[in-house]
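# Structural overview
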Amino acid sequence: MPARLLRMIARQYSDDMARRGFLLSILSRAVLTQGLLLSACRAVGAEDLSVAAGLPAFDGSLTPALLGLATGLLIALVLHWRLRREVARRRDVEFAAVEERSRLNAILNNAGVGVLLADRASLHVDVNRHWCRMFGYRRQEVRGRLKARDIAHPDEADSLEALFRALLNGDITSHTQERRFVRKDGRMFWGLMATSTVEDKDGRQMWVVGMITDIDAQKRVEKALRESEQRLRFITESTQDVVWQVDRELRFTYVNRADERMRGYAREEVIGRPFRELIAPSGLPALERAMPLLPHLAGGEKATSFEVEMVCKDGGLVWVEINSTPIHDHSGQIAGYIGVTRDATERRQNQEMLREQTIRDPLTGLFNRRYLDESLERELSRARRESLPLSLVMIDIDRFKQLNDTHGHPAGDEVIKRIGDLIRKGARSADLPCRYGGEEFLLVLPNMPLDKAVERAEQWRVAFAEERIVYGGTVLAATLSAGVATFPAHGGTCGALIAAADQALYSAKQAGRDRVAVASRFIGEYSEKDCREDLIC
């Protein structure tokens, strides 16, 4: 019976693992029944019971069988326990592997890059969904059918296959490069491809993994940027204006070739030099106001324009107009300036010419009444502030109306021009010789005392009397009279001084003309209002 029971257990166990619990239960009951019967026979000493129970006679020969049965049962229990544990472990491993593969597939299919797996023949083993969307293929059209060269631009097909071979041969372990690829519909696009290899259990490179990012839009932007830079470079290098850039320390980081044409410095001689080294000392305050050397300044500063004199390579100076605007870094602080410098010499000359035309008398070239209005009060204030003398000489051509009536106005203009030349030649750089009106002239002589002013007026009188003026074949004889007044002796305001000089001129006329007279008294009844009114009239 034990042998039959063991064979039955073995057959049942091998046929159906699901019945393990049932078989163990049969084994347990059989062993328990056998043990109880044997114990009862030994207690009563009745071998007939064992016979009646269908057991062999109790003669001690059954003990080895029972021991074998118990050993077999123990082995079966141990094997069953170990088998159950191994089955459970393998089930857990398989479940974990399935989950891991599901997660990996989810990651690859939802990745933002196209992923491909190619074998040693460069055939695509598999691709992810993004790759399919990128190239326009269905997955079943790719697996085992498409080679690496099939998706590469014709000009780069050979180099892509060579790259795959180098990876699979172990020449390189990874590679990243921008390449041109071709979609299913034939359109070309730029992609950034990163490749590496996958090894088998023996360490051999068996597959190539490639990850492709579509950078076509980025390449178009880069191309447009390059073209824009080329246009800008052409413009900046062709313009007559100097285009420059400085860092936060006001050192030049860029300057175009126009600076060499304007100031004589080559580009290499300017790059790295501080801006202030190339500015004339008189222009440094304007530079510091317009482009402060303060790197901590925050954003908000606007473009500024100013004019300064810049130093040329030959040591000369050139007036320039500078337009600059600050450059800010990511934190909003000033990182430098960019600007344009334009030669302002001609414009300033034109402006000076226009200003000269507005302050000069066109016939004599002397200052006009307008400039006298601007300057006399300034000079008087300075003389008062510094306790300096200020003299005025008023000159009038004698019998000018008679000369005009006899020889005509052109002849009169010639006489006026000749006296204007004499006055201008005899004036100092600080003097203000003005045509006061008609045939009258007023000279403002800063820091000149009365006696020197009288002497100067006398020199002009004598020189004009000796002047030989020929017009239309006729020699024009003319003389002048002059009146002299000095601050503070003859007046403390513009109007008072002019009135005093005019009074002295009147005295010279009354005394017979062709002479110089000095104001006889202090005129104090003129106010500032009188001065303005007198200058206007």
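Everything in this summary refers to the structure shown in the same document. Just so you know, these numbers come straight off a predicted model, no measurement behind them.

## Notes on the packing of aromatic side chains
In the structure shown here, the tally under the stated rule is nine aromatic pairs. Relative to Tyr 371, the ring of Phe 367 lies with its centre 4.2 Å away and its plane at 20°, an arrangement referred to as stacked. Across the pair, Tyr 371 and Phe 367 agree in class, each one buried. Pairwise contacts between aromatic rings join Trp 131, Phe 135, Tyr 137, Phe 181 and Phe 189 into one cluster. Stacked on the ring of Trp 190, the Lys or Arg Lys 219 has its end atom at 4.5 Å from the ring centre. The ring centre of Phe 367 lies 3.8 Å from the NZ or CZ of Arg 360, which sits over that ring.

## Topic: the sheet that holds strand E5 (residues 205-214)
Read across the open sheet, the five strands follow the order E2-E1-E5-E4-E3; overall the sheet is antiparallel. Each edge of the open sheet is held by one strand with a lone partner, namely strand E2 (124-127) and strand E3 (174-182). With strand direction ignored, the average angle separating the axes of adjacent strands in the sheet is 30°. Across five bridges, strand E1 (residues 114-118) lies against E5 in antiparallel orientation. By the bridge assignment for E5, Gly 114 is matched with Ile 212. The sheet contacts of helix H9 (residues 216-238) involve E3, strand E4 (188-199) and E5, and relative to E4 the element is tilted by about 130°.

## Observations regarding a nonpolar patch on the surface
On the surface, Val 125, Val 198 and Trp 207 cluster together into a nonpolar patch covering about 200 Å² of accessible area. In this structure, Trp 207 sits in strand E5.

## Notes on the packing of helix H14 (residues 369-386) against helix H18 (residues 494-510)
One way to put it is that H14 packs onto H18 with a least axis distance of 10 Å and a crossing angle of 105°. As far as their axial angle goes, H18 and H14 are roughly perpendicular. Taking contact as the criterion, the partners of Leu 376, Glu 377 and Leu 380 in H14 are, on H18, Cys 494, Leu 497 and Ile 498. Here the residues of the contact of H14 with H18 are counted per class, giving five nonpolar, no polar and one charged.

## Considerations on the packing of helix H15 (residues 400-407) against helix H16 (residues 409-426)
Between H15 and H16, the least distance of the axes is 6 Å, while the angle of their chain directions is 135°. Comparing their axes, H16 and H15 come out oblique. Residues Phe 400, Leu 403, Asn 404 and His 407 of H15 touch H16, and the partners they reach there are His 409, Ala 411, Gly 412, Val 415 and Ile 416. For the contact of H15 with H16, the residue count by class is five nonpolar, four polar and no charged.

## A word on the sheet that holds strand E6 (residues 242-247)
Strand order in the open sheet formed by five strands is E7-E6-E10-E9-E8, and the pairing between neighbours is antiparallel. A single partner strand is all that each edge strand has here, and the edge strands are strand E7 (252-255) and strand E8 (304-311). For this sheet, the mean inter-axis angle between neighbouring strands, taken without regard to orientation, is 30°. Most of the contacts of helix H13 (residues 345-359) go to strand E9 (residues 317-328), to which it runs at about 115°, and overall it touches E8, E9 and strand E10 (334-343).

## Topic: the pairing of E7
Of the strand pairs in this sheet, E6 and E7 are connected by three bridges, and their pairing is antiparallel. For Trp 244, the partnering residue across the bridge sits in E7 and is Val 255. Counting the residues between successive antiparallel strands, the hairpin from E6 to E7 contains four residues, one of them, Leu 250, with a positive phi of roughly 60°.

## Comments concerning the pairing of E2
Here E1 runs beside E2; their pairing, made up of three bridges, is antiparallel. Bridging from a neighbouring strand, Ala 118 pairs with His 124 of E2. Counting the residues in the hairpin turn of E1 and E2 gives five residues, including Ser 122, whose phi is positive at 65°.

## So, empty space enclosed by the protein
Under the defined criterion, the tally for this structure stands at three cavities of 30 Å³ or more. Estimated volume of the second largest cavity: approximately 60 Å³. Put simply, the parts of the chain that give the lining of the second largest cavity at least two residues each are E6, E7 and helix H10 (258-263). When residues in the lining of the second largest cavity are grouped by element, the largest group, three residues, is from H10.

Rules and cut-offs
- Residues numbered from 1 in each chain as written.
- Predicted model: local features only at pLDDT ≥ 70, side-chain atom pairs only at ≥ 80, totals over all residues.
- Heavy atoms only, no water.
- Phe/Tyr/Trp six-rings, centres within 6.5 Å; stacked < 30°, edge-to-face > 60°.
- Buried < 20%, exposed > 50% of the residue type's maximum accessible area, 1.4 Å probe, protein only.
- Lys NZ or Arg CZ within 6 Å of the ring centre and 35° of its normal.
- Pairing = 2+ DSSP bridges.
- Helix = DSSP H or I, 4+ residues; strand = E, 2+ residues; numbered from the N terminus.
- Axes fitted to C-alpha atoms, helices over the stretch in contact; angles between N-to-C directions.
- Contact = heavy atoms within 4.5 Å.
- Patch = residues over 30% accessible without salt bridge, like charges linked within 9 Å, V, L, I, M, F, W, Y side chains within 5 Å.
- Areas by Shrake-Rupley, 256 points an atom, 1.4 Å probe, with all protein chains shown as cover.
- Salt bridge = Lys/Arg side-chain N within 4 Å of Asp/Glu carboxyl O.
- Parallel < 35°, antiparallel > 145°, perpendicular 65-115°, else oblique.
- Nonpolar A, V, L, I, M, F, W, Y, C, P; charged D, E, K, R; others polar.
- 1 Å grid on protein atoms, 1.4 Å probe; cavity = no way out; pocket = protein on both sides within 12 Å on 5 of 7 lines; lining within 4 Å.
- Points joined across faces, edges and corners; volume = space filled by probe spheres on them.

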